[in-house]
Each structure stands twice: as structure tokens, then as C-alpha cells.
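Structural characterization, general
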Amino acid sequence: MAQFSEVLAEIGDFSRFQIQMMILLSLPSFLTAFYMFAQVFMVLDETHYCSVAWVRNHTLNLSAAEQLAVSVPLDAAGNPEPCLMFRPPPDNASLEDILSHRFNETQPCEMGWDYPEKRHPSLMNEFNLVCDRKPLKETSQSVYMAGLLVGALIFGPLCDWIGRRATILVQLLLFALLGLTTAFMPSFELYMVLRFAVATAVSGYAISNVTLLAEWVGPSWRTQALVLAQCAFSLGQMALAGLAYGIRNWRLFQIAGTAPVLLLFFYFWALPESARWLLTQGRFEEAKRVIQKAASVNRRKLRPELLSQLVMEKTGPSGNALDLFRHPQLRKVTLILFLVWFVDSLGYYGLSLQVGDFGFDIYMTQLIFGAVEVPARCSSIFMMQRFGRKWSQLGTLVLGGLMCIAIIFVPADLPVVVTVLAVVGKFATAAGFTISYVYSAELFPTIIRQTGMGLVGIFSRIGGIITPLVILLEEYHTALPMLVYGSLPIGAGLLCTLLPETRGQALKDTIEDLEPGPDPQSLKSAPLGKETAASGRASSPGVAFVNSTYF
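No experiment lies behind these values; they were computed from the predicted model shown. (Residues numbered from 1 in each chain as written. Predicted model: local features only at pLDDT ≥ 70, side-chain atom pairs only at ≥ 80, totals over all residues. Heavy atoms only, no water.)

**As for the overall build of the protein**
Of regular secondary structure, the protein possesses 24 helices and four strands. Taking all 551 residues of the protein together, the buried fraction comes to 54%. Within the protein, contacts between residues at least 6 apart in sequence are counted, and of these 80% link residues at least 24 apart. Here the protein has roughly 23,100 Å² of accessible surface; of this, 64% comes from carbon and sulfur atoms. (Helix = DSSP H or I, 4+ residues; strand = E, 2+ residues; numbered from the N terminus. Buried < 20%, exposed > 50% of the residue type's maximum accessible area, 1.4 Å probe, protein only. Contact = heavy atoms within 4.5 Å. Areas by Shrake-Rupley, 256 points an atom, 1.4 Å probe, with all protein chains shown as cover.)

**Notes on the packing of helix H20 (residues 389–408) against helix H23 (residues 480–495)**
Closest axis-to-axis distance for the H20/H23 pair is 7 Å, and the angle between their directions is 155°. Looking at the two axes, H20 sits roughly antiparallel to H23. With respect to the hand of their crossing, H20 and H23 are arranged in left-handed fashion. Of the residues in H23, those in contact with Leu 394, Leu 397, Val 398, Gly 401, Leu 402, Cys 404, Ile 405, Ile 407 and Ile 408 of H20 are Met 482, Leu 483, Tyr 485, Gly 486, Ser 487, Pro 489, Ile 490, Ala 492 and Gly 493. Here the contact of H20 with H23 is composed, by residue class, of 14 nonpolar, four polar and no charged. (Axes fitted to C-alpha atoms, helices over the stretch in contact; angles between N-to-C directions. Parallel < 35°, antiparallel > 145°, perpendicular 65-115°, else oblique. Left-handed = near helix turned anticlockwise from the far one by under 90°. Nonpolar A, V, L, I, M, F, W, Y, C, P; charged D, E, K, R; others polar.)

**Focus on helix H19 (residues 362–387)**
Along its 26 residues, H19 runs 35 Å from first to last C-alpha, staying within 8% of the 38 Å computed at 1.5 Å per residue. Between the side-chain oxygen at the start of H19 and the backbone nitrogen of Tyr 363 there is a gap of 3.2 Å, and the oxygen is on Asp 361. Looking at the residues trailing H19, positive phi occurs at Gly 388, about 90°. (Expected span 1.5 Å × (residues − 1). Polar contact = N/O pair within 3.5 Å; in protein donor to acceptor, adjacent residues only side chain to side chain.)

**Structural notes on unusual backbone geometry**
In this model, Asn 128 sits at a positive phi of 55°, which is unusual for a non-glycine residue. Tracing the backbone through its elements, the reader meets Asn 128 in the loop between helix H7 (123–126) and helix H8 (135–162). Despite not being glycine, Arg 299 shows a phi value in the positive range, around 60°. Taking relative accessible area as the criterion, Arg 299 reaches 65% and is therefore assigned exposed.

**Things to note about the state of the cysteines**
Throughout the structure, instances matching the rule amount to two disulfides. Two residues share a disulfide in this structure: Cys 50 and Cys 109, whose sulfurs sit 1.7 Å from each other. Given an S-S torsion of about -65°, the disulfide between Cys 50 and Cys 109 has left-handed geometry. Here Cys 50, found in strand E1 (residues 49–50), pairs with Cys 109, found in the loop between strand E3 (106–108) and strand E4 (113–114); they are 59 residues apart in sequence, far enough to count as distant. Overall, Cys 50 belongs to the buried group, its relative accessible area being 2%. (Disulfide = S-S within 2.5 Å.)

**Quick word on the packing of aromatic side chains**
Tallying each qualifying case throughout the model produces 28 aromatic pairs. Ring geometry for Phe 14 and Trp 221: centres 5.2 Å apart, planes at 20°, overall stacked. A residue pair is termed long-range when its members are at least 10 positions apart, and Phe 14 in the loop between helix H1 (4–11) and helix H2 (16–37) and Trp 221 in the loop between helix H10 (188–216) and helix H11 (222–246) qualify at 207 residues. With a centroid separation of 5.9 Å and an interplanar angle of 90°, the aromatic rings of Tyr 191 and Trp 250 are classed as edge-to-face. Of the two residues, Tyr 191 is situated in helix H10 and Trp 250 in helix H12 (residues 250–258); the sequence distance between them amounts to 59 residues. Trp 250 matches Tyr 191 in its accessibility class, with the two residues each being buried. The positively charged end of Arg 165 is found above the aromatic ring belonging to Phe 268, 5.3 Å away from the centroid. Looking at Arg 248, its charged tip hangs above the ring of Tyr 245, at a distance of 4.9 Å from the centre. (Phe/Tyr/Trp six-rings, centres within 6.5 Å; stacked < 30°, edge-to-face > 60°. Lys NZ or Arg CZ within 6 Å of the ring centre and 35° of its normal.)

**Regarding the environment of Asn 104**
Along the polypeptide, Asn 104 turns up in the loop between helix H6 (95–99) and E3. Relative accessible area serves as the criterion here: at 47%, Asn 104 is assigned to the partly exposed category. It is 8.9 Å that separates the C-alpha atoms of Asn 104 and Pro 89, two residues lying 15 residues apart in sequence.

**Looking at the environment of Leu 469**
Following the sequence through the fold, Leu 469 ends up in helix H22 (residues 449–471). Exposure remark for Leu 469: the relative accessible area of 37% places this residue in the partly exposed category. Remark: the alpha-carbon pair of Leu 469 and Gln 141, spanning 328 residues in sequence, is separated by 8.6 Å.

**Comments concerning the packing of H11 against H19**
Where H11 meets H19, the closest approach of the two axes is 7 Å, and the angle between their N-to-C directions is 175°. Regarding the angle of H11 to H19, the classification is roughly antiparallel.

**Comments concerning the environment of Ala 244**
Within the secondary structure, Ala 244 is located in helix H11. Assessed through its relative accessible area of 3%, Ala 244 is described here as buried. Expressed as a C-alpha distance, the spacing of Ala 244 and Tyr 363, which sit 119 residues apart in the sequence, is 7.4 Å. Apart from the residues lying within four places of it in its own chain, the contact partners of Ala 244 are Phe 41, Phe 253 and Tyr 363.

**Remarks on the pattern of salt bridges**
Taken as a whole, this structure holds 13 salt bridges when the rule is applied. Where Glu 215 meets Arg 164, a salt bridge forms, and the shortest distance between an N and an O atom there is 2.6 Å. A residue pair is termed long-range when its members are at least 10 positions apart, and Glu 215 in helix H10 and Arg 164 in helix H9 (residues 164–182) qualify at 51 residues. Of the two residues, Glu 215 and Arg 164, both sit in the buried class. (Salt bridge = Lys/Arg side-chain N within 4 Å of Asp/Glu carboxyl O.)

**A few points about the side chain of Glu 46**
On the secondary structure map, Glu 46 appears in the loop between helix H3 (39–42) and E1. In this structure Glu 46 is buried but unpaired, with Arg 119 as the nearest side chain of opposite charge at 4.5 Å. Sequence-distant contacts of Glu 46, that is, excluding residues within four places in its chain, are made with Tyr 115, Glu 117, Lys 118, Arg 119, Ser 122, Met 124 and Asn 125. (Lys, Arg positive; Asp, Glu negative; His and termini not counted.)

**Points about the nonpolar core**
As a rule of thumb, nonpolar side chains are buried together in soluble globular proteins. Judged by nonpolar contacts, the single largest core of 146 residues is most densely connected at Ile 11, Leu 123, Tyr 144, Trp 216 and Ile 291. Broken down by element, this core gets its largest block of residues, 14 residues, from H10. Excluding residues that lie within four positions of it along the chain, Ile 11 makes contacts with Trp 216, Ile 291, Ala 294, Ala 295, Asn 298, Arg 300 and Leu 302. (Core = buried A, V, L, I, M, F, W, Y, C linked by side-chain atoms within 4.5 Å.)

**Looking at the confidence of the model for the protein**
Residues of the protein with pLDDT of at least 70 account for 88%, and the chain-wide mean is 85. Looking over the protein, one finds the lowest element-wise mean pLDDT in helix H24 (residues 528–533), namely 44, and the highest in H12, namely 96. With pLDDT under 50 throughout, residues 519–551 is counted as low confidence; its partners more than four residues away or in other chains account for 112 contacts. (pLDDT = per-residue confidence, 0-100.)

Here it is in C-alpha cells:
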């Protein structure tokens, strides 16, 4: 009898076939950066003030500046109030009474707003996301984050039910249909509904593509392959900056960012199914055909007797969520990881969604933010090997938090300094997120690993939902959002000192293995890929790396 791992070693665990698959799965990952962050460029602040119809309709023969002066009050800085207007005067009011502001009672805008800068259509000026509707900008981002959470709950089980390939094809179809339809929405409320729907597909793809890649790549290369695949998302953020700079009309921008998904129609023929999943379903003939194709692409010979001896993949026993809290050590680890994943999202999105608030050019900042993530993700591998998991996790969380707090004390007239601090913070949060995947997978025992990773993924999504709402705190004090984004990661980082180190340690299979005792493997350090390879021994292969790969 032969297990799939033996067959994979025979046909090549990271060769042409796996590289081609990694490239295929990276292309949609590249495009998902648009769905995640494009709205930031559609809601840029724009000068506005109340649209006052009575002034234009009145035969006063006033210039545009005079019409503004008699219809909109001035703020303390001498600029037109963006959200207030003078009450319309009586029909019999004289010109002198109007010009002397005899009728100077104010009221909120009632006939919409004027945008004197005459920019291209945006979500901001087309749907009037100003004044009392301004919180809708952040609310819509929270709605999107909620869609990411729901998508993980829907597509996780679906991926195990109908297969990795079929699930990915459904998600790509949703990318195209929902993304393009969004460009034609007549109201912001409908726009938010479609944003929620497409977020479920984005989150689902994060699960499906990582699972498929992890199940085809061997242990020695698995972590490196998954980190490289994540870099496509970072490159997509860089491309987003250029696309947003070149196309300012939000509807055309939406079409340009989502239409390329249609070019991936050939995935219906090019994307292979997971042989490991086929074996778990007892579909041996299909699994053998896919394995033979992989061997052919890798130019490796597969012994017929080995293929004929393939047996159904067995899934190990699994625990339930309550098991995470019954054992004192596991309970402590679980609660700390809940907080770590929560602040991972809080810090990462806190900086990403405020890319236009650092005083520097938003397009250049977005380009830098995307560029810095590539070395951040790759360097996390070397940090974990050199400093261990615990100290790498602690260091990145504390560094990211300190950068957010440092931004509070930098004067607004030093945008370059603020941007540099934000970039360092983005580097730390991106690296910290990558470390969390590996570290958490190694901390949870195999019997409960899938459940544990699923729960920390949920807390990550909750952090994402709350992050845009934290931005609303700036209405009370401009420093409050960054104070929250900075203090919580520092606190979570310090709590990491209570976690055990896992570098060079054998993965724990059962909860009883958590009891302290000598470990013969703890004296030597294994390569990173081999340490984390067994993390796929949960009830679904590759799950240890799943749940919310794109944060």
C-alpha cells in the first residue's frame, strides 16, 4: 500500500508542475488586491459645501462668490462650512437684507452638495459620502470585512465538499460577475451589498488556493511556496497604485480592475484538482490521471506498481472547540493567539486603509506599501529560523505598534517622516501576519489544529471588521485611531513571552503531548519547511496555512 506522500516524492514535490500551479494560483491573488483596497481611492476627500437652490433661482444678479457668501456660513478659519447653510430668506426679503445676513439662522444641507474642484466621478461626490453620510465610508469597509468572515465560513466546508478546483472556478466566476456589476450600481447601499458578496468570494479563494497549493507541494518546500504565492497579493497592491493614478472615474476604475478576471477562463481546462482530495473521496482513477499528468510535466517516471498501490487518504481524529479550553496550557495559548490574530488584522488594515492620511502622495504611498510587503513576507522565514517563532512574533508586533504610536507625535507638516514610520509599521505587520500562520500551526496539536486555526482566523476577521470603525474615533481626537492601532499590538506582543518556542520542536499530535517533558528533537533545528510540513495532518490537508491568507 502506498500513501500519496510517497507518490509525491517519486514524481517531484516541487518541480515544473508545482511551479506552474503556483503561477496559476498567483494570478487571481494578484487581482484580489484590487477588491481589497480599491475603495480607498474611490472615497478621497474633496472640498464640498451645501448646494443652495434659492440663491440660483433668485434674480439677485450675484457672482458665484457672492452667491456662496450669502448662502453658506464660514467656519473659524474663514472657509465655507461643508455641512451647514443659511436658512432660505422669506420670498419678500430685499437684497439688502440678504446681503447683510439679516437672515443668518443655519441648518444642515437639504439639497445636496456642490463640489467646486470638479473632479472625476467618485463614490464620494456621486453618492455624497459627506457630513452625516461620511461614516458610510468606514461602514462599507466593515461590511466588506464581514463578507470576508462569512466567506471563510461558507467556502471552507464547500472546498472540502465539491473539491478545490470546482470551488476556485466558482470563486473566479463570482469575481468577474460581482466585480463588473458593482461598477453599474445606482446607489451606495447596493454597492455595499455587492461588496459584501464579492468579499465572500475573495475570502473563499484565500482558503481554496492555499489548500490546493499546499496539497501538491512537498514538505521541504511548502512554506516557501506559500509565502511566495502570498507575494503576488503584494505585487497587486503595487499595480493598484498605478491603476488608480491613471483612472480617476470610479466606475471605469472598477471595470478596469475586475475585467482581467475574464481572461482566466482557460482555468477551466488548465487548473488541476488536488490528487490528495480525490483520494480522500475514494476517486482513485481521477487521482491517478492527475498524478500521471504531474509526473509527465515534471519529466519524472512513476513506477506503475506504486501508482496501483495507492490507498485512500486517511484523516486523523479531530477534537472540538471546547478542547482548546479544557487543558490549562492549551487554553493560555489559545487566548493569546486570539488576541495576536485580532491585532494582526487591526494593525495591518489600520495602516492600509489610512494610506491617504499620512500627508504624502496617496499613490506613491500605496506603491511603497505594496513593495515593502514582499521583503517583509520573505524575511519572516529568515527571522523565524534565526530568532525563533516567539521572539519574531513579539518583535514584529511591538515594532508595528511603536510605529503607529510614533506617528501621533510627528507634526503634520512632516509627511515624509510620517510615511517612513508608516512603511516600517506596514513591514512589521505584514511580516507578523506571516509568522502568525506558521507559529499558530505549530502551537496547536494535530488533533485540534484545524479547529484552532479556524477560530483564530475568525478573530482575525473580527479585527478587520472593527478596524474601519476605529477610524471613526478621529471625530473625537485625531490621535485615537493610531493610539488603538499601536497600543493593542504592543500588549499582544508582550503576552507572546508566555508562549512556548516551537523552533526545532516536533509537532504535537495530541493534547497530552503538551505536557512538559524532554523532547529529543528540541536540541536541533530542523529546516522551516520540514517543521511546518506536518501541519497539514489535520482533518483537511494544508489547513494549517488556510483561513485568511490575504489577511
